[in-house]
Each structure stands twice: as structure tokens, then as C-alpha cells.
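As a plain string of letters, each chain reads:
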Amino acid sequence: EAGVAQSPRYKIIEKRQSVAFWCNPISGHATLYWYQQILGQGPKLLIQFQNNGVVDDSQLPKDRFSAERLKGVDSTLKIQPAKLEDSAVYLCASSSSTGVYGYTFGSGTRLTVV
Amino acid sequence: TQLLEQSPQFLSIQEGENLTVYCNSSSVFSSLQWYRQEPGEGPVLLVTVVTGGEVKKLKRLTFQFGDARKDSSLHITAAQPGDTGLYLCAGARGTDKLIFGTGTRLQVFP
């Protein structure tokens, strides 16, 4: 089966600019997650979708970050305006049902804010 | 507050050596997963353990879930350069989201 697709792979922007990331999960996976991973650290959950509804966005900086999953399949994550501390790898993952038995991650988008 | 602490943070060893990575928490988890992440890629699931005291083996890797389901360990026998990467434990409580550990970066030199 095809894996989790993410684009772009790399993005460099100036602070205060906006950026968007795209994710296509594994077909049939109802749950989709966006994680932020600072270099050398473990991923931190930003938002979790179940189909097209938000389950958990408690760690999402809502003043600048937004995410949507309109048709319960693809998802986009947007940052506007970007700050230097947003430099990180943004990982998308999907799982069937609860994900207790594991997530499948995409390769991530490496964002550098200069 | 980090719920899952991994140790050591960094590990640099020669090929053929054995090593153990620890994942500790004060919280109880219904399941615990181990992932390996290589540079430029997303984490890849290695194993899931769900029963306290459970031991799973994957070739040269041995995973153990603590009896109280608060901690786990990963033991690698005869490490190889291909084992190099960032090892992440992640815990789930019921149907809740996965919480990732702080990570252990392993470098195996030939």
C-alpha cells in the first residue's frame, strides 16, 4: 500500500511570511495527525483529526497555526505568520481507528524560517 | 513536563557492542511503541507492546514492557552501522493520542 505522502519536502521562508504543508494519508485511515519535531527531539502533537473532525488541538498555537481536513482525506497545515522558532520538521501520520497499534508517518516537511 | 524520559540521550558505540535504551514515565500506558527514525525520514514503527511484563524480539532487538506498564527498554545485541538512528518510545493511554519520548540518538561506528 502507498505510504503517507507529504509535500513539500523542504521549505525556506522569511519570518512573518506564510507557509502551507499538505498531507495525503494512507487510504482508509480515519485518523490523521500533525506533529512538530524540533531537531533531535521527539515529535510533539499539534492536531489530531478523526475523519474531518478535530479530536485534539490543545497544543496547536491557534494564533498562527491552522489545519483542516475538509473531506476526511487530505489535510493541510498552515502557519501565518511564521516565527523563527517554527523552524522544525512537520510530520503527518495516519492510523486506522485508535492507532493503538501504531502510526504510519510521512517523510515530513523540513521548514526553515530565516 | 515530559511524560516519557529516555536515556541515554546520546549513544556512540562500535559495531558488535550491545546496548540498552530506557524509556521511563510516572504514568501508566495501555500500550507502548518503539520507533526508529533516520535523517530526513519520518519515524518507522518497530514494535508495539501492550501487556505488562511483555517481551518481544525482533531479530537482534529485544523490547520489554515493565510490569507496571510505566517503563520500557530496548536492547540491541551486536549493533551494526545500519542500526544508527534516533530511537523513540511512544505511549498511549486508552484511545488517547501517542505521547513521544525525548529520543535516543544512536551512532554505531564500523
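Now for a look at the structure at hand. Just so it is clear, the structure is predicted and the values come from calculations on it, not from any experiment.

Reading guide: rules and limits
Residues numbered from 1 in each chain as written. Chains lettered and ligands numbered in written order. Predicted model: local features only at pLDDT ≥ 70, side-chain atom pairs only at ≥ 80, totals over all residues. Heavy atoms only, no water. Contact = heavy atoms within 4.5 Å. Salt bridge = Lys/Arg side-chain N within 4 Å of Asp/Glu carboxyl O. Polar contact = N/O pair within 3.5 Å; in protein donor to acceptor, adjacent residues only side chain to side chain. Helix = DSSP H or I, 4+ residues; strand = E, 2+ residues; numbered from the N terminus. Nonpolar A, V, L, I, M, F, W, Y, C, P; charged D, E, K, R; others polar. Buried < 20%, exposed > 50% of the residue type's maximum accessible area, 1.4 Å probe, protein only. Core = buried A, V, L, I, M, F, W, Y, C linked by side-chain atoms within 4.5 Å. Pairing = 2+ DSSP bridges. Axes fitted to C-alpha atoms, helices over the stretch in contact; angles between N-to-C directions. Disulfide = S-S within 2.5 Å.

**Focus on the interface of chain B and chain A**
Tallying the contact residues gives 21 residues for chain B and 20 residues for chain A. Along the contact surface separating chain B from chain A lie zero salt bridges. Viewed at the interface, chain A and chain B are joined by six residue pairs in polar contact (both at pLDDT 80 or more). Counting residues per element, the ones that place at least two in the side of chain B that touches chain A are strand S4 (31–37), strand S5 (44–49), strand S9 (85–92) and strand S10 (98–100) of chain B. Per element, the largest residue contribution to the side of chain B that touches chain A is four residues, and it comes from S4 of chain B. Broken down by class, the residue content of the side of chain B that touches chain A amounts to eight nonpolar, ten polar and three charged.

**Here we look at the environment of Gln80 of chain A**
Residue and element names in this part refer to chain A. Mapped onto the elements, Gln80 comes out in the loop between strand S8 (75–79) and strand S9 (88–95). The exposed category is assigned to Gln80, whose relative accessible area is 57%. In this structure the C-alpha to C-alpha distance between Gln80 and Leu32, which are 48 residues apart in sequence, comes to 21 Å. Ignoring sequence-local partners within four residues, the contact set of Gln80 consists of Ser18, Asp63 and Arg64.

**Quick notes on the nonpolar core**
Counting 22 residues, the largest nonpolar core has Leu19, Leu32, Trp34, Phe63, Leu74, Ile76 and Leu106 of chain B as its most contacted members. Looking at this core, the elements with two or more residues in it are strand S3 (19–24), S4, S5, strand S7 (61–65), strand S8 (71–76), S9 and strand S11 (104–109) of chain B. The next biggest cluster of nonpolar side chains, apart from the first, holds 21 residues, and it includes Val4, Phe21, Phe65 and Ala88 of chain A.

**Comments concerning the sheet that holds S8 of chain B**
All names here are of chain B. Taken together, the five strands give an open sheet; going across it, the order is S1-S3-S8-S7-S6, and neighbouring strands pair in antiparallel fashion. The open sheet has two edge strands with one neighbour each: strand S1 (5–7) and strand S6 (55–58). Neighbouring strand axes in the sheet, compared pairwise and without regard to direction, differ in orientation by 15 degrees on average.

**Thoughts on the state of the cysteines**
Summed over all chains, the structure comprises two disulfides over all chains. Across the disulfide from Cys23 of chain A sits Cys92 of chain A; the S-S distance is 1.9 Å. Disulfide Cys23 of chain A-Cys92 of chain A: the torsion about the S-S bond is -65 degrees, which places it as left-handed. Pair noted here: Cys23 of chain A is in strand S3 (residues 19–24) and Cys92 of chain A is in strand S9, with a separation of 69 residues, a long-range link. For Cys23 of chain B, the disulfide goes to Cys89 of chain B, at an S-S distance of 2.0 Å.

**Quick look at the pairing of S11 of chain B**
All names here are of chain B. Residue alternation in S11 divides its side chains into a buried set, Thr104, Leu106 and Val108, and an unburied set, Arg105, Gln107 and Phe109. Strand direction decides the pairing type here: strand S2 (residues 10–14) and S11, joined by five bridges, are parallel. Looking across to S11, one finds that Leu11 is bridged to Leu106. As judged from the three bridges shared by S9 and S11, these two strands associate in the antiparallel manner. Looking at the pairing, Gly85 lines up with Leu106 of S11.

**Some remarks on the side chain of Glu54 of chain B**
Residue and element names in this part refer to chain B. Structurally, the position occupied by Glu54 is in the loop between S5 and S6. Owing to a relative accessible area of 17%, Glu54 belongs among the buried residues under this scheme. Among the polar contacts made by the side chain of Glu54, one reaches the main-chain amide nitrogen of Val50 at a distance of 2.9 Å.

**Points about the sheet that holds S3 of chain A**
Residues and elements named next belong to chain A. One open sheet accounts for four strands, arranged S1-S3-S8-S7; its pairing is antiparallel. The sheet terminates laterally at strand S1 (5–7) and strand S7 (65–68), the two strands that pair on one side only. Within the sheet, the average angular offset between the axes of one strand and its neighbour, ignoring direction, is 15 degrees. Summarising the sheet, S1 and S3 pair through three bridges and their orientation is antiparallel.

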